[in-house]
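Okay, here's what each chain looks like letter by letter:
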Amino acid sequence: MINFTINGQPVTAAKGETILQAARKAGFYIPTMCYLEKTTPCASCRLCVVETDKTEGFILSCQTPPTEGLAVTIDSEALQSERTNIMRLYDVNHPLECGVCDKSGACDLQNKTLEFGVDRQHFSAKEQHRKIEHWGLINYDPSLCILCEKCVHVCNEIIGDDAITLQFGGYKSSVIPKNSDTLDCTFCGECIAVCPVGALVSSDFQYTANAWELTQIPATCVHCSAGCSLTYEVRHTSNSIGAKPKIYRVTNDFEHTTLCGAGRFGFDFGIDAAKEEAELARAADSINEYKAIRFSSMITNEEALILQKLKETLGLKLYNEEARAYRRFMDAYGSISGKKSYGGSAEAVAASDGIIVFGGRVSTDNPALRYSITTAARHNGAKVVYMHPLEDALLQNVVTQYVKYEVGTEEGVAAMLARTVLKEADISEETRRYFDDLDEGYLCAESNVGSEEFERIAKTFGRTKRKTLVIGSDLLNHLRSENIARLCAMIETYTEFSVVVAAPSVNTVGVSLICDLDVDTGAPAVGYNATGVYTMGSLANVQLPLPALNSQEGTFVSMNNQVLPTNVAVPFSGYTLNDVAAKLGVSTAYTIDYTVLLPKACGFEEREFDDLGNFFGPLGEDKRGYILENVDVEALGELEEVDDLPEFNGTVVYRCNPVNQFNAYTAQSRQLEKDTALRGSAQFAAAAKIANGDKIRIEFGSGSEERVFVLDGSLKGTVALVPSYDGAYGPANDNYRFEKVKISRVGSEG
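Here goes a summary of the coordinates provided. Remember, predicted model here, so these are calculated numbers, not experimental data.

Focus on the packing of aromatic side chains
Working step 1: Evaluation of the coordinates by the stated rule reveals ten aromatic pairs.
Working step 2: Where tyrosine 736 meets phenylalanine 738, the ring centres are 5.6 Å apart and the plane angle is 45°; that geometry is what we call tilted.
Working step 3: What links up through ring pairs into an aromatic cluster is the set Phe648, Tyr654, Tyr736 and Phe738.
Working step 4: The ring of tyrosine 171 has arginine 130 sitting right over it, with the charged end atom 4.8 Å from the ring centre.
Working step 5: The positively charged end of lysine 246 is found above the aromatic ring belonging to tyrosine 248, 4.9 Å away from the centroid.

Below you can see the structure in the form of structure tokens.
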């Protein structure tokens, strides 16, 4: 630790910390305009200047580390004068649009102008014509821009799009798209969040409400398993009596968290309904008749526990193939590791200097993992190995080694990877013989991954200290998923790697822990946000409408094994699953009465819903919910001989949703782009005998669907991408995501 003083008070700083970081931890205030906790210092505003006894003039506290014995002064007449003049320059010709500006009431420029008492314009400059840019979901007004560079830094260092840059031209400087005429990015909207003024705004939200009119509802994003923190900002839609509130926008604590475009813009899902007692009775009768409920993982832990209690009370069968596959994978994993779950997290990924991504297209499956990987690459110089049959263009800026393997050969790749990283590990003689006896020639030939690729991995990770293995959802439904799980568990158990598994949906983890799931044979069942002979839920055309996840309070379990609360943003007038259960004899007053009853044997704590925090501390401390206990389990598993590796010849498709699309909720959103095409390369088109723009029929093992084929120049090889979010219930995660299909042409577009 480094000992120094601020305004005469003793302060300590860890190695690598700056004066500003140490000051904030010690409770001292230093003003900033361009500083972001999660990026490297922008160092453009100069408001954070301080004085020291070892330097002449002012220094920037945001990028200067303290030295032993340094005496720092953070407020003096000279500093006050310097900062006031900086604010006077910021205010030159800044448009007086505060009455209509979206940022008004939450604007750093407003706050600092008042803080430093700038009540008039002290300097003048000839105003320039500045064209307002309309970039789809984002509008940019350069006349409001103060060139702080926050947007540029977050886009490059955290998101990884690297889509914007500063065009320098003195007073004419502005933010522009990088290497493009218009903004070409994933439209996460994080640039809107970090903008300290109203220069970058949501085109949908602009001029619709004022910040002070909006009620802020802390919640958890429902679109993937990352469990990202967000705030629904809600206001009534009119002054009429009985007018219902509406979500106007979503924001986040951008200093410490990051949202993808689905979380930020995909908030307008769900339905409302009146209570009809006859329909409630029909729902209860249907459950009694069919004795089975098929449901998705887009539910809360409390609802999952209601379903489990219905099973125990009525002898029902519960079907959720996605969560069952996840539990099967984790049970096999635990049979080696001796733990109910893995030990890694997205935070561990961001802190890594070596990352292997295996078996998943994480950039679109779980953007939070992409952001963690980008952060590790940009801030730690992390080496990133990406192992998958398809390259991922969104990760190309950070991947240092791409390992392409053949579709279906994941078990062989997992065995070779485990052998590689366990070479120096302290494992049993029996396990060592298992790896020594692997048929390297066969596995490398069939997977198309040469031994030199694994040698390169060994060399790379021999030099890294903080290693993480990210397991994608492709592996969860592989025919050999259990042995793959055991092989991956060997890596975490006997090496320095931590492991993270990218669960497919918002509460796949929670459902897998709470519900005793049955094998879905396709028998008749009541569907809850899933197919069924009788359907209930928050999706279109259900018989009994139930509230969507933005109209519920309850908890989820994220891929970080964190129990996270969410709250009601918009009211729902109809029934809840708790009402259905009450009709069947399983009753509590409120759904959240089940929070305290979540199974302790699976790591849950005996805590009431209202006792759970849902915020971040001033230094980024995560005060949301709690981390599950990683319960001990019996480690009696044994590695199985690697099976013959399958071949996927002919036309093969990969269930993969486009950017910002995940499920039936995002499919409903007005703002999110809806790409429903089958996308493939010229090589795929030739093999399938189709052309760009053709209407085609895809015949899967479980049915068929019609789409339009789009020739995508960014793709290579003979595997095409087919979305699933636009299906009635998005079945992408119920089966292995690669499938050999039959494709026939049925017409042309137009």
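Additional details are given in the paragraphs that follow.
Some remarks on helix α15 (residues 440-447)
Working step 1: Of the positions making up α15, those classed as buried are Leu443, Cys444 and Ser447. For α15, the angular spread of the buried residues around the axis is 95°, confining them to a single face.
Working step 2: Those residues of α15 that are buried are in contact with α13 (410-421) and α16 (451-461).
Working step 3: Directly after α15, the chain includes asparagine 448, whose backbone phi takes a positive value near 65°.

Focus: the sheet that holds strand β21 (residues 526-528)
Working step 1: In spatial order, the strands read β15-β14-β21-β22-β23; together these five strands make up an open sheet with parallel pairing. On the outer flanks of this sheet lie β15 (317-319) and β23 (544-545), each paired with one strand and no other.
Working step 2: Of the pairings in the sheet, the one linking β21 to strand β22 (residues 534-537) comprises three bridges and is parallel in character. Residue tyrosine 528 lies in a different strand from β22, and its bridge partner there is methionine 536.
Working step 3: Across the sheet, helix α7 (residues 277-290) touches β14 (292-295), β21, β22 and β23, and the angle it forms with β22 is around 125°.

What to know about the environment of glutamate 255
Working step 1: Along the chain, glutamate 255 turns up in the loop between β13 (245-251) and α6 (261-265).
Working step 2: It is 36 Å that separates the C-alpha atoms of glutamate 255 and alanine 601, two residues lying 346 residues apart in sequence.
Working step 3: Leaving out residues up to four positions away in the same chain, glutamate 255 has contacts with Tyr35, Leu36, Glu37 and Lys38.
Working step 4: Looking at glutamate 255, its side chain comes within polar contact range of the main-chain nitrogen of glutamate 37, at 2.8 Å.

Brief notes about the side chain of asparagine 301
Working step 1: Within the secondary structure, asparagine 301 sits in helix α8 (residues 301-314).
Working step 2: Once you skip the residues sitting within four places of it in the chain, asparagine 301 turns out to touch Asn507, Gly510, Ile514, Thr555, Phe556, Val557, Val563, Leu598 and Phe604.

Points about the nonpolar core
Working step 1: Tyr232, Phe295, Phe329, Met387, Phe435, Leu469 and Phe604 are the most contacted members of the largest nonpolar core, which has 185 residues in total.
Working step 2: Each residue touching phenylalanine 295, except ones within four places of it in the same chain, is listed here: Leu307, Leu318, Tyr319, Asn320, Val511, Cys515, Leu517, Tyr528 and Ala530.
Working step 3: Counting 20 residues, the second-largest nonpolar core is a separate cluster that includes Ile19, Ala23, Val72 and Leu79.

Observations concerning the sheet that holds strand β6 (residues 133-135)
Working step 1: An order of β6-β7-β10 is seen for the three strands of this open sheet, with the pairing classed as antiparallel. Edge positions in the sheet fall to β6 and β10 (200-202), since each has one partner strand and no second. With strand direction ignored, the average angle separating the axes of adjacent strands in the sheet is 25°.
Working step 2: The pairing of strand β7 (residues 138-140) with β10 spans three bridges and is classified as antiparallel. The residue of β10 that forms the bridge with asparagine 139 is valine 201.

Observations regarding the state of the cysteines
Working step 1: Summed over the entire model, instances satisfying the criterion amount to zero disulfides.
Working step 2: Cysteine 151 supplies the cysteine sulfur nearest to cysteine 148, a cysteine that is in no disulfide, at a spacing of 6.0 Å.
Working step 3: The exposure class assigned to cysteine 148 is buried, which follows from its relative accessible area of 6%.
Working step 4: Note on cysteine 602: no disulfide assigned, nearest cysteine sulfur contributed by cysteine 515 at a separation of 10 Å.

Brief notes about the environment of alanine 292
Working step 1: Positionally, alanine 292 belongs in strand β14.
Working step 2: Each C-alpha atom of the pair alanine 292 and histidine 256 lies 43 Å from the other, and the pair is 36 residues apart in sequence.

Here's the deal with helix α12 (residues 367-380)
Working step 1: Counted at 1.5 Å a residue, the expected span for α12 with its 14 residues is 20 Å, and the 19 Å between its end C-alpha atoms agrees.
Working step 2: Taking burial as the measure, the 14 residues of α12 include eleven buried ones, the bulk of the element.
Working step 3: Among the residues making up α12, those that are buried are Pro367, Ala368, Leu369, Arg370, Tyr371, Ser372, Ile373, Thr374, Thr375, Ala376 and Ala377.
Working step 4: Remark: glycine 381 follows α12 within two positions and exhibits a positive phi of approximately 65°.

Quick look at the side chain of serine 481
Working step 1: Along the chain, serine 481 turns up in helix α17 (residues 481-494).
Working step 2: We classify serine 481 as buried; its relative accessible area is 2%.
Working step 3: Leave out the neighbours within four places in its chain, and serine 481 touches Arg328, Phe329, Leu475 and Leu476.

Here's the deal with the packing of α13 against α17
Working step 1: Relative to each other, α13 and α17 sit at 15°, their axes nearing to 9 Å. By the criterion of interaxial angle, the relationship of α13 to α17 is roughly parallel. α17 is crossed by α13, and the crossing has left-handed handedness. Mapping the contact onto sequence places Glu410, Glu411, Ala414, Ala415, Leu417, Ala418 and Val421 in α13 and Asn483, Ile484, Leu487 and Ile491 in α17.

So, the pattern of salt bridges
Working step 1: Counted by the stated rule, this structure contains 38 salt bridges.
Working step 2: The residue glutamate 440 makes a salt bridge to arginine 419 at a minimum N-O spacing of 2.5 Å. In this pair, glutamate 440 is assigned in helix α15 and arginine 419 in helix α13, connecting sequence segments 21 residues apart.
Working step 3: Ionic pairing is found between aspartate 675 and arginine 679, a salt bridge with its closest N-O pair at 2.6 Å.
Working step 4: Residue classification places aspartate 675 among the buried residues on the basis of a relative accessible area of 17%.

Overview of the packing of helix α4 (residues 150-159) against α12
Working step 1: Orientation of α4 relative to α12, taken along the N-to-C sense of each, is 100°, at an axis distance of 6 Å. With respect to their mutual orientation, α4 and α12 come out roughly perpendicular. Across from Asn156, Glu157, Ile158 and Ile159 in α4, the residues of α12 making contact are Arg370, Tyr371, Thr374, Thr375, Arg378 and His379.
Working step 2: Here the contact of α4 with α12 is built from residues that sort into three nonpolar, four polar and three charged.

About the thresholds
- Residues numbered from 1 in each chain as written.
- Predicted model: local features only at pLDDT ≥ 70, side-chain atom pairs only at ≥ 80, totals over all residues.
- Heavy atoms only, no water.
- Phe/Tyr/Trp six-rings, centres within 6.5 Å; stacked < 30°, edge-to-face > 60°.
- Lys NZ or Arg CZ within 6 Å of the ring centre and 35° of its normal.
- Buried < 20%, exposed > 50% of the residue type's maximum accessible area, 1.4 Å probe, protein only.
- Helix = DSSP H or I, 4+ residues; strand = E, 2+ residues; numbered from the N terminus.
- Arc of directions from axis to C-beta.
- Contact = heavy atoms within 4.5 Å.
- Pairing = 2+ DSSP bridges.
- Axes fitted to C-alpha atoms, helices over the stretch in contact; angles between N-to-C directions.
- Polar contact = N/O pair within 3.5 Å; in protein donor to acceptor, adjacent residues only side chain to side chain.
- Core = buried A, V, L, I, M, F, W, Y, C linked by side-chain atoms within 4.5 Å.
- Disulfide = S-S within 2.5 Å.
- Expected span 1.5 Å × (residues − 1).
- Parallel < 35°, antiparallel > 145°, perpendicular 65-115°, else oblique.
- Left-handed = near helix turned anticlockwise from the far one by under 90°.
- Salt bridge = Lys/Arg side-chain N within 4 Å of Asp/Glu carboxyl O.
- Nonpolar A, V, L, I, M, F, W, Y, C, P; charged D, E, K, R; others polar.

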